Amino acid sequence: GAVVSQHPSRVICKSGTSVKIECRSLDFQATTMFWYRQFPKQSLMLMATSNEGSKATYEQGVEKDKFLINHASLTLSTLTVTSAHPEDSSFYICSARDPGLAKGGTSDTQYFGPGTRLTVL
Amino acid sequence: GEDVEQSLFLSVREGDSSVINCTYTDSSSTYLYWYKQEPGAGLQLLTYIFSNMDMKQDQRLTVLLNKKDKHLSLRIADTQTGDSAIYFCAEKRDTGGFKTIFGAGTRLFVKA
């Protein structure tokens, strides 16, 4: 299957600072990437859909000024958590949609990154 | 994941078969997926099934789809301790855009 990486895998920051998380598709071009948030023992909550070259589409209840998304190229999307607070502590996972026919998947399959554990002190 | 439901926990003995069930509500779903998540990691695509299929087998994995009842299951044959993880059912909805809805995940615990 296709490979998606995230960086960093783990980050600890002080309250009030901003944190940037990168999501890269390593062996395919992703016109669409997704950002999810996962609370302990819960499912993934879609935060936003990131489209290359255009503004991200945010889900209801997600503050776009708080969670800045930039999809600058076909292989990179970034999520910046601005003025982070302890309640932003969570596991953030990105995924990328492979528009082509990826091995082991379908043309609409999402491939997930390994996740980023954010802890805000 | 309020429209995709899964039982939260399943415990089996090593060597037995595991069956994880999922129900969904949207009849327009085109693809249904099973993902595996190990502790502290992202989601790994295990298998998928197109909505016009009723069964798919891939080595130890068998997916059954009952489209009439909107019921999806994942059977893992000869379950191993390494299969212990959370398994997410997901559906892709054809709503004019691409949106994947996930269930809450079933935690599979394999006893040696």
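All figures in this text were calculated on a predicted structure; none of them were measured in a lab.

A word on the overall build of chain B. Scanning chain B from terminus to terminus reveals zero helices and eleven strands. Listing every helix and strand of chain B by position from the N terminus yields β-β-β-β-β-β-β-β-β-β-β. Taken over the C-alpha trace, chain B has a radius of gyration of 13 Å; the compact-globule value for 112 residues is 13 Å, and the two agree within 12%. For the C-alpha atoms alone, the extent of chain B along its principal axes is close to 45 × 30 × 20 Å.

What follows concerns a nonpolar patch on the surface. Residue and element names in this part refer to chain B. Taken together, Leu-8, Phe-9 and Phe-109 make up a surface patch of nonpolar side chains, about 340 Å² in accessible area. Following the sequence through the fold, Phe-109 ends up in strand E11 (residues 106-111). On the basis of relative accessible area, Phe-109 is assigned to the partly exposed category, the value being 42%.

A separate point is the environment of Phe-50 of chain B. Residues and elements named next belong to chain B. Relative to the assigned elements, Phe-50 resides in strand E5 (residues 43-50). Between the C-alpha atom of Phe-50 and that of Tyr-33, which follows or precedes it by 17 residues, the distance is 8.9 Å. When neighbours within four sequence positions are excluded, Phe-50 is seen to be in contact with Thr-30, Tyr-31 and Leu-65.

It is worth spelling out the sheet that holds strand E1 (residues 4-6) of chain B at this point. All names here are of chain B. Strand order in this open sheet of five strands is E1-E3-E8-E7-E6, and the pairing throughout is antiparallel. Bordering the open sheet on either side are E1 and strand E6 (55-58), each of which pairs with just one other strand. Along the sheet, successive strands turn relative to each other by an average axial angle of 15°, direction set aside. With six bridges joining them, strand E3 (residues 18-24) and strand E8 (residues 71-76) adopt antiparallel strand pairing. Within E8, the residue paired with Ile-20 across the bridge is Leu-74.

Right, let's get into the sheet that holds strand E7 (residues 67-73) of chain A. Two strands in a sheet stick together by hydrogen bonds in their backbones, pointing the same way (parallel) or opposite ways (antiparallel). Residue and element names in this part refer to chain A. Strands sit in the order E1-E3-E8-E7 across an open sheet of four strands; the sheet is antiparallel. Strand pairing shows two members of the sheet lacking a second neighbour, strand E1 (4-7) and E7, which therefore form its edges. Taken pair by pair, the neighbouring strands of this sheet meet at an average axis angle of 15°, ignoring direction. As paired elements, E1 and strand E3 (residues 19-25) share four bridges and run antiparallel to each other. When the bridges of E3 are listed, Val-4 appears paired with Ser-25.

Here is what the cut-offs are and how they apply
- Residues numbered from 1 in each chain as written.
- Chains lettered and ligands numbered in written order.
- Predicted model: local features only at pLDDT ≥ 70, side-chain atom pairs only at ≥ 80, totals over all residues.
- Heavy atoms only, no water.
- Helix = DSSP H or I, 4+ residues; strand = E, 2+ residues; numbered from the N terminus.
- Rg over C-alpha atoms; globule rule 2.2 N^0.38 Å.
- Patch = residues over 30% accessible without salt bridge, like charges linked within 9 Å, V, L, I, M, F, W, Y side chains within 5 Å.
- Areas by Shrake-Rupley, 256 points an atom, 1.4 Å probe, with all protein chains shown as cover.
- Salt bridge = Lys/Arg side-chain N within 4 Å of Asp/Glu carboxyl O.
- Buried < 20%, exposed > 50% of the residue type's maximum accessible area, 1.4 Å probe, protein only.
- Contact = heavy atoms within 4.5 Å.
- Pairing = 2+ DSSP bridges.
- Axes fitted to C-alpha atoms, helices over the stretch in contact; angles between N-to-C directions.

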